[in-house]
Amino acid sequence: MSEIRLVAATGMLGSGFREETLKRAMTLNPDFIGVDAGTTDAGPHYLGCEETHFSDSAYKRDLRLILIAARAARIPAIVGSAITAGTDNQVRHLVRIAREIAREEKLSFKLGVVYSEQNRDYLKKRLRERRIRPLANPPPLDEAVIDRSTHIVGLAGAEPYMEALDKGAEVVISGRSSDTSIFAAMPLMRGFDPGLVWHAAKVMECGAASVVLRKYPDCMFAAIGKDSFTIEPPNPDYRCDPVSIASHNLYENGTPYELVEPSGVLNTYDAKYEAVSERAVRVSGGQFTPAERYTVKLEGAELAGYQSIIIGAVRDPIILRQFDSWLEGLVRAAKERILAVFGAGIEEKYRFDVRVFGRNAAMGRLESDLSIGHEVGLVFQVTAQTQELAAALMKSVGHIAVHFPVPEYSGLITSIAYPYSPAELHRGACYRFNLNHVVEPDTPLEMFRLDYETV
Amino acid sequence: MARLWQVSKLIRSKNAGPFELTFDVIFKDREIYEKVRDAGLINAEWFARTYQLTPEVVQIINYDAASAIKITIPRPTISGDVDDTDVFGGQQHGPLVDLEVP
């Protein structure tokens, strides 16, 4: 076979794509449809407690169109990192949605399921064997971290997908995997050059993100040949040019020249990007260097505490002119009140933070401009070991804060505008990413479990 | 004197995973990119000063294929942690926008 044709349904399952674009993409005779369903963009919450980033309705809408198109063309549909963090329960949830769709649309297929959640004893064993290594800027790791994580997933490479496809899976739903592996598996199975395959997969995994101007999420199409791959958006309103495709290597990647995968590193130092039409780009020259040791990246989340917050705004120029000292006094008074109500020892059971919108709320300690304007927004934030405690502490903070005085005024003032009644909002459990490490397994499959069913 | 935003088609910041933060400046054309690149205008010392960091943690990468300069730093706090201010890392590029360029 001289060419393999890939369709990416969208950059993330549930974010949507145009039905007519997928129809048009299907006229290009793709060999499979892939779609990434995961992200860490939105933070640790989704790995921490397994909520999904989009609604069931959004997942079902996208997956329905993908499954109908794939079954009609008798080609595989491959979904990775279901659905958000790639935990086992999130995978099971998307499998249930797939079954519902199959029933409603009278579809039948062999389903391969890849589970990516990690066994704690296995990880501890590898840690003791020094076969877990830190990546950039890692938090400290010991066995206690593994124990207190609510969920730990491993990022699968292409191999579990290849295994499922090899066993005849017509639809694959996988837990956490590298985004590119979803698109690399089938081309690698068919023997295409790994440099081209991984480079094409990197462009494809974000759907239409690599077009010149992405107005809404949509599908993407690529054809990998012997010496190059060509990428062309199936939506006629979209176009790619060499710079838009080259620029995509910059996106959410620390370097545009290297992409680390479980089985090796793609480097694009010698890549060439050439326009083949007003809308399509031919890419060549990406090199894949196999790793000496296969590695599986870990993602973990642990409970950071429970939070209550209060949102407020300050407009009085007299307060704003002495904002720093006023706020400092307020924080001190709030902590003293908490100590008076809850007794000694309480200071070790909570953390009190204030965010100042209009000063450095976006950039925190990276901000060098600490000037303020005609009003500031405040978020008071209490983090404690239980929600009950966080809520109770916040009630004390709220009352102290709203009447905190300035020396210029005599009499009781109300110094903060609270937009809500009650002022306190309860955020529930908050999580923290606690791993930036890779494991060296014996084989690419040993950290993943595969399961098959006929739907 | 032009400002960086006037000669760029995109200035952005974004997480590169939950532990790193990356900034992209994609220039409108090759000529101005090469001018800014060769003048060393966006360098580790300047960036560190602007973002209250030490220059050793600032990685500057010139990317000719897209006429772009990338800056990557460790995230000051893990994405979504209790003291994080920007979970996606998308609003950290502000101080770059009005940089004066020749």
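Placed above this text is the structure.
An account of the accompanying structure is given in this report. Everything numeric here is computed off the predicted structure, so don't read it as measured data.

### Considerations on the overall build of chain A
Move 1: Tallying secondary structure elements over chain A gives 13 helices and 20 strands in all.
Move 2: Its C-alpha atoms put chain A at 85 × 50 × 45 Å along the principal axes.
Move 3: Within chain A, the proportion of its 455 residues that are buried is 49%.
Move 4: Restricting to contacts in chain A with at least 6 residues of sequence separation, those with at least 24 account for 76%.

### Points about the overall build of chain B
Move 1: If you tally the helices and strands in chain B, you get three helices and six strands.
Move 2: If you list the helices and strands of chain B from N to C, you get β-β-β-α-α-β-β-α-β.
Move 3: On the principal axes, the C-alpha backbone points of chain B span a range of 45 × 25 × 25 Å.

### Focus on helix α12 (residues 323–342) of chain A
Residues and elements named next belong to chain A.
Move 1: In this model, α12 (20 residues) spans 28 Å end to end at C-alpha, consistent with the 28 Å of a helix rising 1.5 Å per residue.
Move 2: Those residues of α12 that are buried lie in contact with α11 (317–321), β16 (350–357) and α13 (387–402).
Move 3: Gly343 lies just past α12 and shows a positive phi near 85°.

### Points about the sheet that holds strand β9 (residues 229–232) of chain A
Residue and element names in this part refer to chain A.
Move 1: The strand order across the open sheet formed by ten strands is β12-β13-β9-β8-β1-β2-β3-β7-β4-β20, and the pairing between neighbours is mixed. Both outer strands of the open sheet, β12 (272–275) and β20 (449–454), are each paired with one neighbouring strand and no more. Here the strands of the sheet are splayed against their neighbours by 20° on average, with no regard to which way each runs.
Move 2: Sheet analysis places β12 next to strand β13 (residues 281–284), joined by four bridges and oriented antiparallel. Each residue of the ladder has a partner; that of Lys272, found in β13, is Ser284.

### Side note on the interface of chain A and chain B
Move 1: Each side of the interface is counted separately: chain A has 35 residues, and chain B has 37 residues.
Move 2: When residues of the side of chain A that touches chain B are traced back to their parent elements, those giving at least two are α10 (242–248), β16 and β18 (424–433) of chain A.

### Quick notes on the sheet that holds strand β5 (residues 68–74) of chain B
Residues and elements named next belong to chain B.
Move 1: One open sheet accounts for four strands, arranged β2-β3-β5-β4; its pairing is antiparallel. Each end of this open sheet is capped by a strand with a single partner; those strands are β2 (8–15) and β4 (59–63). Pairs of neighbouring strands in the sheet enclose a mean axial angle of 15°, with direction left out of account.

### A closer look at the nonpolar core
Move 1: Ranked by internal contacts, the top residues of the largest apolar core, which has 147 residues, are A:Val79, A:Ile173, A:Ala200, A:Cys219 and A:Ala222.
Move 2: Discounting chain neighbours no more than four positions away, the residues touching A:Cys219 are A:Val7, A:Ala8, A:Ala9, A:Thr10, A:Phe17, A:Thr21, A:Leu22, A:Ala25, A:Gly207, A:Ala208, A:Pro234 and A:Asn235.

### Regarding helix α1 (residues 19–26) of chain A
All names here are of chain A.
Move 1: Looking at α1, one finds that the buried residues are Thr21, Leu22, Ala25 and Met26. Projected down its long axis, α1 carries its buried residues within an arc of 140°, all on one side.
Move 2: Those residues of α1 that are buried are in contact with β1 (4–8), α3 (56–73) and β8 (220–224).

### Quick notes on the packing of helix α7 (residues 158–166) of chain A against helix α8 (residues 181–189) of chain A
Residues and elements named next belong to chain A.
Move 1: Two elements in contact, α7 and α8, have axes whose closest approach is 8 Å; the angle formed by their N-to-C orientations is 55°. Taken together, the axes of α7 and α8 lie oblique to each other. The hand of the α7/α8 crossing is right-handed. Taken together, the residues of α8 that come into contact with α7 (itself represented by Ala158, Tyr161, Met162 and Leu165) are Ser181, Ile182, Ala184, Ala185, Met186, Leu188 and Met189.

### Quick notes on the environment of A:Met12
Residue and element names in this part refer to chain A.
Move 1: With respect to the helices and strands, Met12 occurs in the loop between β1 and α1.
Move 2: With 26 residues separating them in the primary sequence, Met12 and Gly38 have C-alpha atoms 6.7 Å apart.
Move 3: For Met12, the residues in contact, after removing those within four places along its chain, are Asp36, Ala37 and Thr39.

### Digging into unusual backbone geometry
With glycine set apart, most residues show a phi of negative sign, and most peptide bonds adopt trans.
All names here are of chain A.
Move 1: Along the chain, Ser421 connects to Pro422 via a cis peptide bond; the corresponding omega equals -5°.
Move 2: Of note, Asn29 is a non-glycine position whose phi angle comes to about 55°, a positive value.
Move 3: If you trace the backbone, Asn29 turns up in the loop between α1 and β2 (32–38).
Move 4: With phi around 75°, Glu50 is a residue other than glycine that occupies positive phi space.
Move 5: Tracing the chain through its elements places Glu50 in the loop between α2 (45–49) and α3.
Move 6: Given 18 C-beta atoms within 10 Å, Glu50 falls into the partly exposed group.

Criteria and thresholds
Residues numbered from 1 in each chain as written. Chains lettered and ligands numbered in written order. Predicted model: local features only at pLDDT ≥ 70, side-chain atom pairs only at ≥ 80, totals over all residues. Helix = DSSP H or I, 4+ residues; strand = E, 2+ residues; numbered from the N terminus. Buried ≥ 20, exposed ≤ 12 C-beta atoms within 10 Å, placed from the backbone. Contact = placed C-beta atoms within 7 Å. Expected span 1.5 Å × (residues − 1). Pairing = 2+ DSSP bridges. Axes fitted to C-alpha atoms, helices over the stretch in contact; angles between N-to-C directions. Core = buried A, V, L, I, M, F, W, Y, C linked by C-beta atoms within 7 Å. Arc of directions from axis to C-beta. Parallel < 35°, antiparallel > 145°, perpendicular 65-115°, else oblique. Left-handed = near helix turned anticlockwise from the far one by under 90°.

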